[in-house]
Amino acid sequence: MNAVIVAVAVMLILSLLRINVVLSLVVGAFAGGIVSDLTIAETVNAFTDGLGGGAVIALSYALLGGFAVAIAKTGITDVLIAKVVVLLAGKEGATRKNLIKALIFFSIFAMAIMSQNLIPIHIAFIPLLVPPILKILNVLQVDRRIIAVIIAVGLVGTYSFVPFGFGFIFQNIITTQITSAGMLAELSDVPKAMAIPIGGMVAGMFIAMFVYRKPRHYKETQSAVEIEVKQVSPWLIVATIMALIAALTVQIKTESMIIGAMAGIITMYITGALKWREADEILTDGMRMMSFIGFVMIAANGFASVINATGDVDTLVTGALDILNGNVSLAVFGMLIVGLIVTMGIGSSFATIPIIAALFVPLSLELGLSPLAIICLIGTAGALGDAGSPASDTTLGPTSGLNVDGQHNHIWDTCVPTFIFINIPLIVLGWFAVSFVL
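This is a predicted model, so every value here is computed, not measured. (Residues numbered from 1 in each chain as written. Predicted model: local features only at pLDDT ≥ 70, side-chain atom pairs only at ≥ 80, totals over all residues. Heavy atoms only, no water.)

Q: Which residues make up the packing of aromatic side chains, and what values do they have?
A: One pass over the structure, following the stated rule, counts six aromatic pairs. Relative to Phe421, the ring of Tyr212 has its centre 5.5 Å away and its plane inclined at 75 degrees; by these criteria the two rings are edge-to-face. Of this pair, Tyr212 sits in the loop between helix 10 (189-211) and helix 11 (234-254) while Phe421 sits in helix 19 (residues 410-437), and the two are 209 residues apart along the sequence. Taking the relative accessible area as the measure of exposure, Tyr212 reaches 11% and is therefore buried. Seen in terms of ring centroids, Phe432 and Phe436 are 6.0 Å apart; in terms of plane orientation they differ by 40 degrees. Their pairing is tilted. Of the two residues, Phe432 and Phe436 both sit in helix 19, four residues apart, roughly one turn of that helix. Judged by its relative accessible area of 40%, Phe432 falls in the partly exposed class. Owing to a relative accessible area of 53%, Phe436 belongs among the exposed residues under this scheme. Each member of the aromatic cluster is reached from another via a ring pair, and the members are Trp431, Phe432 and Phe436. Sitting over the ring of Tyr218, Arg144 keeps its end group 4.1 Å from the ring centre. A cation over a ring is seen here: Arg213 above Phe210, with NZ or CZ 4.1 Å from the ring centre. (Phe/Tyr/Trp six-rings, centres within 6.5 Å; stacked < 30°, edge-to-face > 60°. Helix = DSSP H or I, 4+ residues; strand = E, 2+ residues; numbered from the N terminus. Buried < 20%, exposed > 50% of the residue type's maximum accessible area, 1.4 Å probe, protein only. Lys NZ or Arg CZ within 6 Å of the ring centre and 35° of its normal.)

Take a look at the structure:
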């Protein structure tokens, strides 16, 4: 039995049975190690050696969570939401509701896109923007699964297609790894190659809006019409903007989310936007909200370390291609499935590319695929599974914002919908583009 398949299958089954994701990752990793040639001691060592790789991510998200909650506590986000309601107050009935829904959907999608490049804070915008909007979504009875899909498409689609910010990092990994594997790849070719698969993701997002269009009832905390515009001083607005600029500038200069978040928090201290007597409680609340993501990412790094140690990714690819016996379209489909399995397990598209590129590029050249087709294959195989994986920040991020009131399940309300409406269109359109278009 292939250790990678066993590890991922055990992790996913336990997660679907509502077993804690961290525990599912640990059990899945050890299940994979046991069925491979690794001894229990070697599995333990591989898992523990990998844990350190998630520490930086965990601390980054903890500080960004604290920074986001500190900004939210200033009342600025509530003011923005209330202004939206006031502007649309003249519209009545279904028209008003639809306008508010459309504006919220567009705003969240736009912010998800900008979080990857223009304001490269990744998922840190979610605890800042989403919780205040829940007040309105509950009244409008919007199914939160739609929001989870919108955010996931905005994150994955953007870094896969737009070569700036996180997109530059992801696409640079693709071209670097492909070149290292024996085929010259240019960064400018990645958006061309990924256009069709990303189109499938966007189509899946609109299908999700249609499927989840029926009203879903949540416990109402405050109706939209009852939201009052808080009195926020002009200086507080200026101070908050200064903190955001400081965090963004420092993060870009240092390429560190930790230092960027620290710069934002310190700026809020200095300007008085964050009160000294309230700071400890506010920052602790933010860190607590993001701590779940941190623990999952730490466990996911241990899981990925065990998968790499088994060496069964190689046998998974070669075994699949041997069965397909040279059929190009089925071979492409098989490699995409391998990418899906690997990414679903380790929870990171960025980490999947180096694992699969060294195997996929020579096999693709042997199958006679064009350079653009190979880029599309590697990029799609890497992006597959990021949405839908219980261990991915693409799913953990939306859950952190949508579940602040305990009414949004990580697996069934985030992972399952994003898997269905993002991974399925992505694999179908990716397979079609590689096999028949590029």
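Structure's up, so let's keep going.
Q: Now, about the pattern of salt bridges: what can you tell me, with residues and values included?
A: All told, the structure shown has five salt bridges when counted by the stated rule. Between Asp189 and Lys192 there is a salt bridge whose closest N-O contact spans 3.7 Å. Note that Asp189 and Lys192 are positioned in helix 10 at a spacing of three residues, about one turn of the helix. Among the charged side chains, a network of salt bridges with common partners joins Asp143, Arg145, Arg216 and Asp413. (Salt bridge = Lys/Arg side-chain N within 4 Å of Asp/Glu carboxyl O.)

Q: Break down the packing of helix 9 (residues 166-180) against helix 16 (residues 349-367) for me, with residues and values.
A: For the pair helix 9 and helix 16, interaxial distance at closest approach is 8 Å and the crossing angle is 20 degrees. The orientation of helix 9 relative to helix 16 falls into the category roughly parallel. Of the two elements, helix 9 crosses helix 16, and the hand of that crossing is right-handed. Contact residues: Phe166, Ile169, Phe170, Ile173, Ile174, Gln177 and Ile178 in helix 9; Ser349, Phe350, Ile353, Pro354, Ala357 and Val361 in helix 16. Residue composition of the contact of helix 9 with helix 16, grouped by class: 11 nonpolar, two polar and no charged. (Axes fitted to C-alpha atoms, helices over the stretch in contact; angles between N-to-C directions. Parallel < 35°, antiparallel > 145°, perpendicular 65-115°, else oblique. Left-handed = near helix turned anticlockwise from the far one by under 90°. Contact = heavy atoms within 4.5 Å. Nonpolar A, V, L, I, M, F, W, Y, C, P; charged D, E, K, R; others polar.)

Q: Before we move on, can you summarise a nonpolar patch on the surface with the specific residues and values?
A: A cluster of nonpolar side chains, Ile13, Leu17, Ile19, Leu23 and Val27, forms an exposed patch at the surface whose accessible area comes to about 440 Å². Tracing the backbone shows Ile19 in the loop between helix 1 (3-16) and helix 2 (21-35). (Patch = residues over 30% accessible without salt bridge, like charges linked within 9 Å, V, L, I, M, F, W, Y side chains within 5 Å. Areas by Shrake-Rupley, 256 points an atom, 1.4 Å probe, with all protein chains shown as cover.)

Q: Can you break down the packing of helix 8 (residues 144-161) against helix 18 (residues 393-402) residue by residue, with the values?
A: At their nearest, the axes of helix 8 and helix 18 sit 9 Å apart, and the two run at 140 degrees to each other. When the interaxial angle is binned, helix 8 and helix 18 end up oblique. In terms of crossing hand, the pair formed by helix 8 and helix 18 is right-handed. Of the residues in helix 18, those in contact with Arg144, Ile147, Ala148, Ile151, Ala152, Leu155 and Val156 of helix 8 are Thr394, Pro398 and Leu402. Here the contact of helix 8 with helix 18 is built from residues that sort into eight nonpolar, one polar and one charged.

Q: Give me the lowdown on the confidence of the model for the chain, citing residues and values where you can.
A: This prediction gives the chain a mean pLDDT of 83; 90% of its residues lie at or above 70. Considering only residues more than four positions removed or in separate chains, one finds that residues 222-229, a stretch of pLDDT under 50, has 16 contacts. (pLDDT = per-residue confidence, 0-100.)

Q: Which residues make up the environment of Asp280, and what values do they have?
A: Take Asp280: it is sitting in helix 13 (residues 276-310). Distance in space between the C-alpha atoms of Asp280 and Ile147 is 31 Å, their sequence separation being 133 residues.

Q: Any details on the side chain of Thr310? Residues and values, ideally.
A: Inspection of the secondary structure assignment puts Thr310 in helix 13. The class of Thr310 is buried, set by a relative accessible area of 14%. Those residues within four positions of Thr310 in sequence are excluded, and the remaining contacts are Ala3, Val4, Gly32, Ser36 and Leu38.

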